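Results of the structural survey
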Amino acid sequence: LFTDGECKLQDTGASMLDSASFYQFLDWYHIQHNVITLLKQALKGDREDSNKKEFIRSVLDNLWYGNPDLALIRLKQVDKACIKNSQALERIITYIINKSRYMTHYAARAFLGLPVSSCLGEMTNNVLVSSRQKLDNSASWTKHGSLALATLEALDRNGFLEALLANEPVNLLTNHAMTELPTAA
């Protein structure tokens, strides 16, 4: 389960799925975005400063290869003369400390062809919801209405909607209606 680090998303994912059957990962795009944004604010130098770019790249490389501890060491060893905004530097350090348990070896996942981002799910959700909502430009959708539409579209596209409407149990992890209820172990 990939998330952008938002606690509500992580908690929702954990409450919906058996914790033994999934792992939560922090989306690489959001890590990269946060690191670049905060380090650009924290470090002296303009956008073209090669030392600044190299430092940001080294922090990202450590995170990409599953080494948040090494990234933290680099961040904590920044020369004070290179810092223009110590609060931004502290924010990225705190971010990595708080989120490191959700970080993985992104390079290995990419090499194996596994996802490193939630972009496919986000894009699919955008397509499912926006295509329906654009049918009537005069309609205004509430957050609850958009969520309900996204849920119904996802259930239908994954083959669960008919079973749920017929009040049949479904197993969301195996992608099919259950012919019999599971028994307690």
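Refer to the structure presented above.
A few points on the structure. For every chain, the first residue of the written sequence is number 1, and numbering continues from 1 along that sequence. pLDDT decides what is reported in this predicted model: residues at 70 or higher carry local features, side-chain atom pairs at 80 or more are listed and counted, and totals for whole chains, interfaces and linings draw on all residues regardless. Calculation of side-chain values draws on the structure's entire complement of heavy atoms; hydrogens and water are dropped beforehand.

**Examining the packing of helix α2 (residues 28-42) against helix α5 (residues 86-99)**
Axis definition: a line fit to C-alpha positions, over the contact stretch in the case of helices; interaxial angles, taken between N-to-C directions, run 0 to 180 degrees. Secondary structure elements are defined from DSSP: runs of H or I of at least 4 residues count as helices, runs of E of at least 2 residues count as strands, and each element is numbered from the N terminus. Close contact between α2 and α5 brings their axes to 8 Å; oriented N to C, the two are set at 155°. Considering their axes alone, α2 and α5 lie roughly antiparallel with respect to each other. In this structure, α2 meets α5 at a crossing whose hand is left-handed. Taken together, the residues of α5 that come into contact with α2 (itself represented by His30, Ile31, Asn34, Val35, Leu38, Leu39, Gln41 and Ala42) are Ala88, Leu89, Arg91, Ile92 and Tyr95. Of the residues assigned to the contact of α2 with α5, the class counts are nine nonpolar, three polar and one charged. Working rule for angles: under 35 degrees goes down as roughly parallel, over 145 as roughly antiparallel, 65 to 115 as roughly perpendicular, anything else as oblique. Each crossing gets its handedness from the near helix: less than a right angle anticlockwise from the far helix is left-handed, clockwise is right-handed. Pairs of residues are marked as contacts when any of their non-hydrogen atoms sit within 4.5 Å. By the convention adopted, Pro, Cys, Tyr, Trp, Phe, Met, Ile, Leu, Val and Ala count as nonpolar, Lys, Arg, Asp and Glu as charged, and the other residues, Gly among them, as polar.

**A few points about the packing of helix α4 (residues 68-76) against α5**
Where α4 meets α5, the axes come as close as 10 Å, and the angle between the chain directions of the two elements is 165°. Viewed along their axes, α4 and α5 adopt a mutual orientation that is roughly antiparallel. Considering how the two elements wind past one another, α4 and α5 form a crossing that is left-handed. Of the residues in α5, those touching α4 at Pro68, Leu72, Leu75 and Lys76 are Leu89, Ile92, Ile93, Ile96 and Ile97. Taken together, the residues that form the contact of α4 with α5 break down as eight nonpolar, no polar and one charged.

**Structural notes on the packing of aromatic side chains**
The pairing test for Phe, Tyr and Trp rings, Trp by its six-membered ring, is centres within 6.5 Å, and the orientation test on the planes gives stacked under 30 degrees, edge-to-face over 60, and tilted for anything in between. In the structure shown here, the tally under the stated rule is three aromatic pairs. With 5.2 Å between their ring centres and 45° between their planes, Trp28 and Tyr106 make a pair best called tilted. Taken together, the positions of Trp28 in helix α2 and Tyr106 in helix α6 (residues 106-111) put the pair 78 residues apart, joining distant regions of the chain. Across the pair, Tyr106 and Trp28 agree in class, each one buried. Plain terms: the ring middles of Trp64 and Tyr106 are 6.3 Å apart, the flat faces sit at 20° to each other, and that makes the pair stacked. Residue Trp64 is located in helix α3 (residues 50-64), and its partner Tyr106 is located in helix α6; the two are separated by 42 residues in the primary sequence. Pairwise contacts between aromatic rings join Trp28, Trp64 and Tyr106 into one cluster. Residue burial is assigned from relative accessible area. The probe radius is 1.4 Å, only protein chains are included, and a residue is buried under 20% of its type maximum, exposed over 50%, and partly exposed in between.

**Concerning the environment of Ala110**
Structurally, Ala110 is set in helix α6. Accessibility expressed as a relative area gives 38% for Ala110, which makes it partly exposed. Considered as a pair, Ala110 and Trp64 are 46 residues apart in the sequence and their alpha carbons are 9.9 Å apart. Leave out the neighbours within four places in its chain, and Ala110 touches Trp64 and Val116.

**Thoughts on the nonpolar core**
Across soluble globular proteins, nonpolar side chains have a tendency to be buried as a group. With 28 residues, the main nonpolar core has Ile31, Leu39, Leu63, Leu75 and Ile92 as its most contacted residues. Elements with a minimum of two residues in this core: α2, α3, α4 and α5. Setting aside residues no more than four positions away along its own chain, Ile92 makes contact with Asn34, Val35, Leu38, Leu39 and Leu75. The criterion is simple. A nonpolar core is a set of buried Ala, Val, Leu, Ile, Met, Phe, Trp, Tyr and Cys residues joined through side-chain atoms within 4.5 Å.

**Describing α2**
The first and last C-alpha atoms of α2 sit 21 Å apart over 15 residues, in line with the 21 Å expected at 1.5 Å per residue. Considered for burial, the residues of α2 that qualify are Trp28, His30, Ile31, Val35, Leu38, Leu39 and Ala42. The arc that holds every buried residue of α2, seen down its axis, measures 160°, which confines them to one face. For this analysis, a polar contact is any N or O atom pair within 3.5 Å, provided that within protein one partner can donate a hydrogen and the other can accept it, and provided that sequence-adjacent residues contribute only side-chain to side-chain pairs. You can read the cap of α2 off the contacts: a side-chain oxygen lies 2.8 Å from the backbone nitrogen of Tyr29, and it is on Asp27. A helix is expected to reach a length of 1.5 Å times the quantity of its residues less one. The directions considered for the arc run from the helix axis to the C-beta atoms.

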